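Structure assessment
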Amino acid sequence: MAYRYIPKRRLCALTHVALTKTHLHPRRCLHGTATRHTDGVFRGLTDNRLSMPWIEAWRLQQEGKNVASDEARAQERDLTPKKMSDSYHRVVLPLGRDPWLSDTYINSSGHIRLGTIFMDLDALSGIIVYKHTGPGVTTVTAALDRITIAHPLTEISDLEYSGQVTYASGRSSVEITCKVARARDEGEPSKPEDVLLTCTFTMVALDPNTKKPVNIPRLVYSTPEEEKIFKAGEAKALAKKKNIKTSLLETEPNDPESALIHQIWLKQVAYHDPNHHVRQPANVIAMSRTQLSTASIMQPQYRNRHQTMIFGGFHLKQTFELAFCCAASLAHARPTFISADPCTFRNPVPVGSVLYLTATVVYTDPPLLDEDGSEPRQKDPKNPVTRLHVRVDSKVRDVEHGNAKPTGQFNYTFLVPKDVKVLPHTYQEYMMYIDARRRVQLGDVQDREDHNVSELQRTQSGDNVNLTE
């Protein structure tokens, strides 16, 4: 190898400049050993998350040994009732103070990546649930309830993650309510206008060995405000059980829904009849044409604290970002996130498996037709806006593709500045359409009950720059 001679004086000058630049612009150090965390999750939520490197967990797994963390191993459990304050947890995300965080939390257009926020919130709920249950159980995310943006971000600032257990009857499931707000000084409570969003996770406690549900400490309240929160959680738990009995998997569509299906089918027939004067408009898109799909191998850096399964927050993030792309693909415009409607996690996703996601626009508002067969119109034809409800179906296969399991259904609603409508064709698509229609109507009722209608209208009007997507 040839070496170029550098005079001593020149070499000293170069060394001085390099040292000066390093002093003025410190660089992040490289480490031979990576910090223990799940990729993409804020470090304040991942401290000691993983109890061992993946290669050690893999070796134990090959030997048939237990690779779960100490807190998730079978042991005597304390079922003493807990207070809400016992599980409270707060973390500040220094997004405004640490520009390096923009690599993970801000996209190329300067918007907050909500998928990454959702991933952090699932990690937060994992910390909170173990504060309530104590060691000796394995906890899994079972569902994510509806999320709406209360006050959109108009500038990048530090964010405060906080949450606590808000309902636990003493059986296996527990409700955890999390909040994201603009961060204030330590000890200073956040104001209502600081709150970006709130969401509720349902977690289930399982026996580490049998993987069957086990009882956990029940939640007790000590103030009228806590009692109100507890009763609200109890009411939601009862409503979920009722909704399961009335789902389309258990009962057929009701009379008005059946009439609507027939009206849409007649419209579809007319579009394909060469002797009929009606032609399918360019903005009416077949539901099957809206689909987007992905397939990816689940790598160990996205595993949860139980070592062999993928972190639920990563799963949630993947579905959200695919839903965003699906909405953008249909509308040819940038979607604005409105809500995440109840999402369910049905089966865990093993490390090394192949995750398949399929996103479909299953409902649009204004819809193609109303129940009476009339065609709803835009309130302002010159400035149309449409709500797109996107459903993401998730399934997992082993690499050999011998076994397949559904892993969940995820539902998101976006707003786009276009007049577009989706048209179902098959019976399966009609059921997806009716199911989404029910979710949108139920969400509208919840918005009115929570007095969020005015905030939604302000978001849609675009008076402020919304940095959330």
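Residues numbered from 1 in each chain as written. Predicted model: local features only at pLDDT ≥ 70, side-chain atom pairs only at ≥ 80, totals over all residues. Heavy atoms only, no water.

1. Quick notes on helix H5 (residues 224-245)
Its 22 residues give H5 an end-to-end C-alpha distance of 32 Å, which sits within 8% of 32 Å, the value for a rise of 1.5 Å per residue. Of the positions making up H5, those classed as buried are Glu226, Phe230 and Gly233. For H5, the angular spread of the buried residues around the axis is 60°, confining them to a single face. Across H5 from its buried face, at more than 90 degrees, point the exposed residues Pro224, Lys228, Leu238, Lys242 and Lys245. Those residues of H5 that are buried are in contact with strand E5 (159-167), strand E6 (173-182) and strand E8 (219-220). (Helix = DSSP H or I, 4+ residues; strand = E, 2+ residues; numbered from the N terminus. Expected span 1.5 Å × (residues − 1). Buried < 20%, exposed > 50% of the residue type's maximum accessible area, 1.4 Å probe, protein only. Arc of directions from axis to C-beta. Contact = heavy atoms within 4.5 Å.)

2. Things to note about the pattern of salt bridges
The tally for this structure, following the rule as stated, stands at 15 salt bridges. A salt bridge links Glu371 to Arg437, with the nearest nitrogen and oxygen atoms 2.7 Å apart. Of the two residues, Glu371 sits in the loop between strand E12 (354-365) and strand E13 (386-397) while Arg437 sits in helix H8 (residues 427-449), which places them 66 residues apart along the sequence. Of the charged contacts in the structure, one is a salt bridge between Asp419 and Lys421, with a shortest N-O distance of 3.8 Å. Through salt bridges with shared partners, one network takes in Asp365, Arg387 and Asp444. (Salt bridge = Lys/Arg side-chain N within 4 Å of Asp/Glu carboxyl O.)

3. A closer look at the nonpolar core
Formed by 80 residues in total, the largest nonpolar core has its most connected members in Ile117, Leu121 and Tyr412. It is helix H4 (residues 114-133) that provides the largest number of residues to this core, a total of 11 residues. Residues contacting Ile117, with those up to four places away along its chain left out, are Leu93, Tyr105, Ile112, Leu159, Tyr161 and Val180. Leu260, Leu369, Ile434 and Val440 belong to the second largest nonpolar core, which has 20 residues in total. (Core = buried A, V, L, I, M, F, W, Y, C linked by side-chain atoms within 4.5 Å.)

4. Some thoughts on the side chain of Ser125
When you line up the elements, Ser125 lands in helix H4. Within polar-contact distance, the side chain of Ser125 engages the backbone oxygen of Asp122 at 2.7 Å. Those residues within four positions of Ser125 in sequence are excluded, and the remaining contacts are Ile176, Cys178, Phe201 and Met203. (Polar contact = N/O pair within 3.5 Å; in protein donor to acceptor, adjacent residues only side chain to side chain.)

5. Structural notes on a nonpolar patch on the surface
On the surface, Trp265, Leu266 and Val269 cluster together into a nonpolar patch covering about 260 Å² of accessible area. Among the structural elements, Val269 can be located in helix H6 (residues 255-272). Taking the relative accessible area as the measure of exposure, Val269 reaches 39% and is therefore partly exposed. (Patch = residues over 30% accessible without salt bridge, like charges linked within 9 Å, V, L, I, M, F, W, Y side chains within 5 Å. Areas by Shrake-Rupley, 256 points an atom, 1.4 Å probe, with all protein chains shown as cover.)

6. Comments concerning the packing of aromatic side chains
For any pair of aromatic rings, geometry is given as the distance between the ring centres together with the angle between the planes. According to the stated counting rule, one finds 12 aromatic pairs in the structure shown. Residues Phe337 and Phe414 carry aromatic rings whose centres are separated by 6.1 Å and whose planes lie at 70° to one another, so their mutual orientation is edge-to-face. Pair noted here: Phe337 is in strand E11 (residues 336-345) and Phe414 is in strand E14 (residues 404-416), with a separation of 77 residues, a long-range link. Both residues of the pair, Phe337 and Phe414, belong to the buried class. Members of the aromatic cluster, joined through ring pairs, are Phe118, Phe320, Phe324, Phe337, Tyr412 and Phe414. (Phe/Tyr/Trp six-rings, centres within 6.5 Å; stacked < 30°, edge-to-face > 60°.)

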